[in-house]
Amino acid sequence: MNTHLDVGEVVEARKSREQALAGTAAAGRPTWVPIALLAVLVMLPAIQVFDGFNYVLHLGLYALMYIAMSSSWNILGGYTGYISLGHNVFFCIGGYFSGMILAYTGISTLLTAPFAGLAASLVGFGIGFITLRMRGPTFIISSIALLMVARILFDNWSFVGGANGVTLPQLTIDVQWAKLPYYYAMLFIAAAAVYCSFRIKHSKFGLHLRAISQDEVKAESAGINTRFYKMLAFAISAFFVGMAGAVWGEYLTYIRPNIFLIILIAANMVLMCILGGKGTVAGPIVGTIVLIAFNEFFVATMGSSEINIFGTGLVMILALLYFPNGIVGTLAQKKKLPRFLDWD
Amino acid sequence: MADFIQIIILGLALGGVYALMASGLTLVFGVMRIVNLAHPIMIIAGAYVSYWLFRLYGLDPIVSMPIAAIVMFCVGIIVYKLVFEREAASAKYSEMTVLLTFAVAMCFDGLLGTAFSNTQRITSPSYATEAIFFGDLFIPKGQLFAGIASLTVIAALVAFLQFTRFGYAIRATTQNRDAAQLMGVNVGLVSIITFGIGIGLAGAAGALVSFVFSFFPAKHWEWIAILMSLVVLGGMGKLAGAILGALILATLAAFVSTYIGTTWSTMTFFLALFVILLVRPQGLFGDPLEES
């Protein structure tokens, strides 16, 4: 009797089965939706031919920035389960890195943005080395403390202009087309962030991250180098936030601590991700669109920015109490997720 | 040498106020395992109660302290009923609960900002600008009175926890929630009352804050990290630890403020928080096994 099982055969069989599964998932995936969305967004600036749509472009740019940031936050907060409320520190680092280069050498941030992203992720790697030793609520507290530390440092760092910040040179283009370069830059960053988040979710790396979020001790005993993967996730999620910050700084034509380092930006990132569904690819996009639409409505009807903070907080409470899995997550749980949103 | 003692006196007086600010936070964490990020904004809300009582009726902030405490106690009960009751029922608290308190903090921040605008305010009872001199040394009357008032409230709290039946129930729930429930403690009631007391203590602290520091709604983000550093240093949920942590760090901050610069004195708390979390995450009095 030969009951000997060939290990190679088992591995082969498992591999082919996994490939078949991945194949059906890929066949069912509505790839055309993101592509169509991207196409529409690429064409959107064409309406500027008629002029007078600068606000639409601004809103588009703003939404794309937040899509990039919340998708990026999702890699750490959604996949890995480490909630950071100080992620705008990297937004600030990116903004200042490129902004200072622009102020001193005149090289546009559109060119230096990737390096700003790298700088942000390097800092993120270093900060993660310290703060990722903590877990749960302690990590959240340390991330808020990080934000406060950064605020004090940037407010008192005279080389970067302290609390007054630095004014940046403007591009000499006609007002009608002035927003275009930044719009396309943000579109590129957002698309890259979403694609990266998708690829990570479907990689072994993403599997490691999700294992960490479910049970870190077990993940570690299963042989995953949790420390390294957490830090890597932190660095990657800092990368796109830093890039977005670089472009945002030049777009506003000045950099100042109180445009980057305010808690509302961090809160928005977190809320958009949770509202849409953390840990899903489409979630941050849906959340961003819903929250920005809500904010615009709030500002249009109520004015004032203070009440806006209240509104954001209220939406966050309701979302956490009634939709802890977010829009995409809750629909998927009930098996009612429309096909065009099923990007995972 | 005189300088040295002077700084310690100022640090300890401020530390007394910080201790009251942190006591409610640590009490709530002890019983409910909720890290309440909304605690500092409740302190500011309490400060507004005292501020308006002072402005409209000339009521001294120390006198209006019980009123601020009672008002905030009611606010605490309402917030608990609306937001935390569902969460408290589930046995396991997650990061989501922390985010929930963060959202509550944002709500109150927005409300207070809309109602009173983000301008710096301070109540100015006559003693706030006076000082008592002993030879070379002096102590500002405002900080002295605030420190004494705060230690009185803390003493009352400790007496309540040690010598009343309900305080006994609170301590039992802090030690072991399930066991307390099995012994017939109404854990739900203990949670809601403790949360109310915690927020009430925030209100009382707010009355003192209103003349010791200047305040505005958005300032609470800074205080979140400051208060957390005090609580974490003493060990989360340990009242004595929070008080000691407050006295130690406030004195340290007073030294930094004198020798390095006022801007960096708040930095002391943030850096201390990182160092404590790295070196001894369970705090001075914490039990290392409790962390997991």
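Cut-off values and rules
Residues numbered from 1 in each chain as written. Chains lettered and ligands numbered in written order. Predicted model: local features only at pLDDT ≥ 70, side-chain atom pairs only at ≥ 80, totals over all residues. Helix = DSSP H or I, 4+ residues; strand = E, 2+ residues; numbered from the N terminus. Rg over C-alpha atoms; globule rule 2.2 N^0.38 Å. Buried ≥ 20, exposed ≤ 12 C-beta atoms within 10 Å, placed from the backbone. Contact = placed C-beta atoms within 7 Å. pLDDT = per-residue confidence, 0-100. Axes fitted to C-alpha atoms, helices over the stretch in contact; angles between N-to-C directions. Parallel < 35°, antiparallel > 145°, perpendicular 65-115°, else oblique. Left-handed = near helix turned anticlockwise from the far one by under 90°. Nonpolar A, V, L, I, M, F, W, Y, C, P; charged D, E, K, R; others polar. Expected span 1.5 Å × (residues − 1). Core = buried A, V, L, I, M, F, W, Y, C linked by C-beta atoms within 7 Å. Pairing = 2+ DSSP bridges.

## Notes on the overall build of chain A
Working step 1: Helix and strand counts for chain A come out as 15 helices and two strands.
Working step 2: Against the compact-globule benchmark of 20 Å for 344 residues, chain A has a radius of gyration of 21 Å, which places it among compact chains.
Working step 3: Over its C-alpha atoms, taken along the principal directions, chain A stretches across nearly 85 × 45 × 40 Å.
Working step 4: Counting only residues that meet the buried cut, chain A has 47% of its 344 residues in that class.
Working step 5: Considering only residue pairs separated by 6 or more positions, chain A has 79% of its internal contacts joining residues 24 or more positions apart.

## Section: the overall build of chain B
Working step 1: A tally of helices and strands in chain B yields 11 helices and two strands.
Working step 2: Along chain B, from the amino end to the carboxyl end, the secondary structure elements read α-α-α-α-β-β-α-α-α-α-α-α-α.
Working step 3: In terms of C-alpha radius of gyration, chain B reaches 19 Å, essentially the compact-globule figure of 19 Å for 292 residues.
Working step 4: Its C-alpha atoms give chain B principal-axis dimensions of roughly 60 × 45 × 35 Å.
Working step 5: Across the 292 residues in chain B, those meeting the buried criterion constitute 53%.
Working step 6: Taking the contacts inside chain B whose residues are at least 6 apart along the sequence as the reference set, 77% of them involve residues at least 24 apart.

## Considering the confidence of the model for chain B
Working step 1: Looking at chain B as a whole, the pLDDT averages 86, with 95% of positions reaching at least 70.
Working step 2: When mean pLDDT is compared element by element in chain B, helix α2 (residues 39-57) of chain B scores highest at 93, while strand β1 (residues 131-134) of chain B scores lowest at 82.

## What to know about the packing of helix α6 (residues 137-156) of chain A against helix α9 (residues 220-234) of chain B
Working step 1: Two elements in contact, α6(A) and α9(B), have axes separated by 9 Å at closest approach and are oriented at 125 degrees. Classified by the angle between their axes, α6(A) and α9(B) sit oblique to one another. Classified by chirality, the crossing of α9(B) by α6(A) is left-handed. Counting all contacts with α6(A), which are made through A:Ile141, A:Ile144, A:Ala145 and A:Met148, the residues of α9(B) involved are B:Glu222, B:Ile224, B:Ala225 and B:Met228.
Working step 2: For the contact of α6(A) with α9(B), the per-class residue count stands at seven nonpolar, no polar and one charged.

## With respect to helix α11 (residues 265-279) of chain B
Working step 1: Look at α11(B): 21 Å from first C-alpha to last across 15 residues, which is about the 21 Å you get at 1.5 Å a residue.
Working step 2: B:Thr266, B:Thr268, B:Phe269, B:Phe270, B:Ala272, B:Leu273, B:Ile276 and B:Leu277 are the residues of α11(B) that are buried.
Working step 3: Looking at the buried residues of α11(B), the elements they touch are α6 of chain A together with α9 and α10 (239-259) of chain B.

## Concerning helix α2 (residues 32-43) of chain A
Working step 1: Given a rise of 1.5 Å per residue, 12 residues ought to cover 16 Å, and the 16 Å separating the end C-alpha atoms of α2(A) matches this to within 8%.
Working step 2: Burial within α2(A) is sparse, with just zero of its 12 residues counted as buried.

## What about the interface of chain B and chain A?
Working step 1: At the junction of the two partners, chain B supplies 32 residues and chain A supplies 34 residues.
Working step 2: At the level of elements, α3 (65-89), α4 (95-116), α9 and α11 of chain B are the ones that each hand at least two residues to the side of chain B that touches chain A.
Working step 3: For the side of chain B that touches chain A, the element with the highest residue contribution is α4(B), accounting for 15 residues.
Working step 4: Classifying every residue of the side of chain B that touches chain A by side-chain character gives 23 nonpolar, five polar and four charged.

## Describing unusual backbone geometry
Working step 1: Although it is not a glycine, A:Thr253 adopts a positive phi angle of roughly 70 degrees.
Working step 2: The topology assignment puts A:Thr253 in the loop between α10 (226-252) and β2 (254-255).
Working step 3: You can call A:Thr253 exposed: it has 12 C-beta atoms within 10 Å.
Working step 4: Not every positive phi belongs to a glycine, and B:Ser117 is a case in point at roughly 60 degrees.

## Notes on the packing of helix α4 (residues 88-105) of chain A against helix α5 (residues 109-131) of chain A
Packed helices, taken two at a time, are described by their axes: the angle between them and the distance between them.
Residues and elements named next belong to chain A.
Working step 1: Orientation of α4 relative to α5, taken along the N-to-C sense of each, is 135 degrees, at an axis distance of 8 Å. Compared by their axis directions, α4 and α5 come out oblique. Crossing handedness for the pair α4 and α5: right-handed. Contacts between α4 and α5 pair Phe90, Ile93, Gly94, Phe97, Ser98, Gly99, Ile101 and Leu102 from the former with Thr109, Thr112, Ala113, Ala116, Gly117, Ala119, Ala120, Val123 and Gly124 from the latter.
Working step 2: Partitioning the contact of α4 with α5 into residue classes produces 10 nonpolar, seven polar and no charged.

## Thoughts on the nonpolar core
Working step 1: Counting residues in hydrophobic clusters, the biggest one holds 206 residues, and the most contacted among them are A:Ala68, A:Met186, A:Ala244, A:Val247 and A:Val270.
Working step 2: In contact with A:Val270, not counting residues within four places along its chain, are A:Trp73, A:Gly77, A:Ile83, A:Leu85 and B:Leu99.

## A closer look at the pairing of strand β2 (residues 137-140) of chain B
All names here are of chain B.
Working step 1: The pairing of β1 with β2 spans four bridges and is classified as antiparallel. The residue bridging Phe134 from the neighbouring strand is Leu137, located in β2.
Working step 2: Here β1 hands over to β2 after two residues, with Gly135 in that stretch at a positive phi of 60 degrees.

## Focus on the environment of A:Ile285
Residue and element names in this part refer to chain A.
Working step 1: Among the secondary structure elements, Ile285 is positioned in helix α13 (residues 283-302).
Working step 2: Its 26 C-beta neighbours within 10 Å are what place Ile285 among the buried residues.
Working step 3: Apart from the residues lying within four places of it in its own chain, the contact partners of Ile285 are Ile67, Val194 and Gly276.

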